[in-house]
Amino acid sequence: MSTSLKVALSMPIKDRDFQYIRTLVRSRTGVVLTEDKTYLVESRLAFLVKEAGVSSLEKLLVKLQSESFSTLHQHVIEAMMTTETLFFRDIEPFEALKEFLLPELIEKRQSQRNLNIWSAACSSGQEPYSIAMLIREKFPQLASWKISLIASDISSKMLDLARTGCYNQHQISRGLPVELVDKYFHRLGTEWQIDRQIRHMVEFHQFNILETWPLLPAMDIIFLRNVLIYFDVSTKKEILAKVRQLLRPDGYLFLGGGETTINLDDGFEPVKLNKAIGYRLRKI
Ligand SMILES: C[S@@+](CC[C@H](N)C(=O)[O-])C[C@H]1O[C@@H](n2cnc3c(N)ncnc32)[C@H](O)[C@@H]1O
């Protein structure tokens, strides 16, 4: 541990400061930091002490609370996000895309030759790039279609990483079959960079799903995975209602393994797609 980090961590965070961070994060992102997250908040804030030009965690907290909202506050919020992700995370939704949904949509959209896919809360990009590689590998006929593969996240830091398409050895070895590494990645220093042909398939945007959404096309597939889990019930309901407006009547929503629309939004109907569960708009 660096000396500055040790100094910053020498003083435990006071409850009122922890509550300030909780309120800041919840009001701006919807993410609820539970009471057991004090250590996480302390350790992540400690990394920002230097950036803030102060000498301790306490001084950082005074600065944050005495100044109006700035880039520093944004960085604090981003530092509190859980950004864990991996290529082909929980493989089943990708299998469902390959086996059922893309073949079905290709059939249905023959005349328009257009598909819109959104990876909301994409973190460092492994999820949209997994979809892009799957399309390139298994559906070469889509090369002549207009495929909008949009990926977004609240964190500009994660999006910067995603746009470079660079991953370290650890990230590359999680979820990615060796054949895909060989085929779609090249070495860049100590990292691996995903090839330009795949990078160019994904359009990254920064936006907060809690705020007004930018104009997005009606979606055939939405991946909204492992983010609702951090929100309270009313925020989950609010977001799902907006997803309902954006999904095409025959489109599918995928959530994370621990997430569901059940008891939150009756407008969705869960559909079993082999081992995956997709959510479709319920026909009235
Ligand atoms: C655990 S990651 C999930 C990544 C990917 N979807 C997956 O399942 O592997 C959660 C992501 O949600 C993002 N996030 C949290 N609150 C958000 C919000 N209000 N708007 C947009 N993104 C948000 C975080 O920045 C983080 O990158």
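Residues numbered from 1 in each chain as written. Predicted model: local features only at pLDDT ≥ 70, side-chain atom pairs only at ≥ 80, totals over all residues.

Student: So what's going on with helix α3 (residues 38–46)? Residues and values would help.
Tutor: Looking only at α3, the buried set comprises Val 41, Leu 45 and Ala 46. Buried residues of α3 fall within an arc of 130° about the axis and therefore sit on the same side. (Buried ≥ 20, exposed ≤ 12 C-beta atoms within 10 Å, placed from the backbone. Helix = DSSP H or I, 4+ residues; strand = E, 2+ residues; numbered from the N terminus. Arc of directions from axis to C-beta.)

Student: Tell me about the nonpolar core, and please be specific about residues and values.
Tutor: In summary, soluble globular proteins display a tendency toward joint burial of nonpolar side chains. Of all hydrophobic cores here, the largest spans 74 residues; its most connected members are Met 80, Ala 132, Leu 149, Ile 222, Leu 224 and Leu 253. Considering each element in turn, this core owes the most residues, six residues, to helix α6 (residues 92–108). Mapping this core onto the domain boundaries places at least three of its residues in each of domain 1 (3–79) and domain 2 (92–281). Excluding its chain neighbours within four sequence positions, the residues that come into contact with Leu 253 are Ile 222, Leu 224, Val 243, Leu 247, Phe 268, Gly 278 and Tyr 279. (Core = buried A, V, L, I, M, F, W, Y, C linked by C-beta atoms within 7 Å. Domains from an automatic or database assignment. Contact = placed C-beta atoms within 7 Å.)

Student: I'd like a rundown of the site of the ligand, residues and numbers included.
Tutor: Around the ligand there are 24 residues in total, and Thr 85, Ala 121, Ser 123, Ile 154 and Asn 226 lie nearest to it. Here the shell around the ligand is composed, by residue class, of nine nonpolar, ten polar and five charged. Both domains that furnish three or more residues to the shell around the ligand are identified here as domain 1 (3–79) and domain 2 (92–281). (Near = placed C-beta within 6 Å. Nonpolar A, V, L, I, M, F, W, Y, C, P; charged D, E, K, R; others polar.)

Student: So what about the sheet that holds strand β4 (residues 185–188)? Which residues, and what values?
Tutor: Across the sheet, three strands lie side by side as β3-β5-β4; this open sheet has antiparallel pairing. Two strands lie at the open edges of the sheet, namely β3 (166–167) and β4, each paired on one side alone. Pairing analysis gives four bridges linking β4 to strand β5 (residues 191–194), with the strands arranged antiparallel. Bridge assignment links Arg 187 to a residue of β5, and that residue is Trp 192. (Pairing = 2+ DSSP bridges.)

Student: Can you explain the environment of Leu 102? Please cite residues and give values.
Tutor: Along the chain, Leu 102 turns up in helix α6. Through-space distance from the C-alpha of Leu 102 to that of Phe 139 is 8.3 Å; in sequence the pair is 37 residues apart. Setting aside anything within four residues of it in sequence, one finds Leu 102 in contact with Leu 97 and Phe 139.

Student: Account for the domain arrangement of the protein chain, naming residues and giving values.
Tutor: For an interface, size is often stated in terms of accessible area lost upon the parts coming together. For the protein chain, the assigned domains are domain 1 (3–79) and domain 2 (92–281). With five residues of domain 1 at the contact, the number on the domain 2 side is nine residues. Residue composition of the side of domain 1 that touches domain 2, grouped by class: two nonpolar, two polar and one charged.

Student: Can you break down the pairing of strand β8 (residues 247–255) residue by residue, with the values?
Tutor: As defined by bridge partners, strand β7 (residues 219–224) adjoins β8 across five bridges and the pair is classed as parallel. Paired with Met 219 across the strands is Leu 247, a residue of β8. Handedness of the crossover joining β7 and β8 through helix α12 (residues 233–246): right-handed. (Right-handed = clockwise from strand over helix to strand, strands pointing away.)

Student: Hey, could you go over the packing of helix α2 (residues 15–29) against helix α5 (residues 71–79) for me, with residue numbers and the actual values?
Tutor: Packed helix pairs are characterised by how far apart their axes lie and by the angle those axes make with each other. Running from N to C, α2 and α5 cross one another at 90°; their axes reach a closest spacing of 10 Å. The angle between α2 and α5 falls in the class roughly perpendicular. Every residue of α5 that contacts α2 at Leu 24, Val 25, Arg 28 and Thr 29 is listed here: His 73, Val 76 and Ile 77. (Axes fitted to C-alpha atoms, helices over the stretch in contact; angles between N-to-C directions. Parallel < 35°, antiparallel > 145°, perpendicular 65-115°, else oblique.)

Student: Report on α12, specifying residues and quantitative values.
Tutor: Taking 1.5 Å per residue as the helical rise, α12 with its 14 residues ought to reach 20 Å, and the 20 Å between its terminal C-alpha atoms agrees with that figure. By the burial criterion, the buried members of α12 are Lys 236, Ile 239 and Val 243. The buried side chains of α12 occupy one side of the element, clustering within an arc of 70° when seen end-on. Residues of α12 that are exposed and angled more than 90 degrees away from the buried face: Ser 234, Ala 241 and Gln 245. Where α12 is buried, its residues contact β7 and β8. (Expected span 1.5 Å × (residues − 1).)

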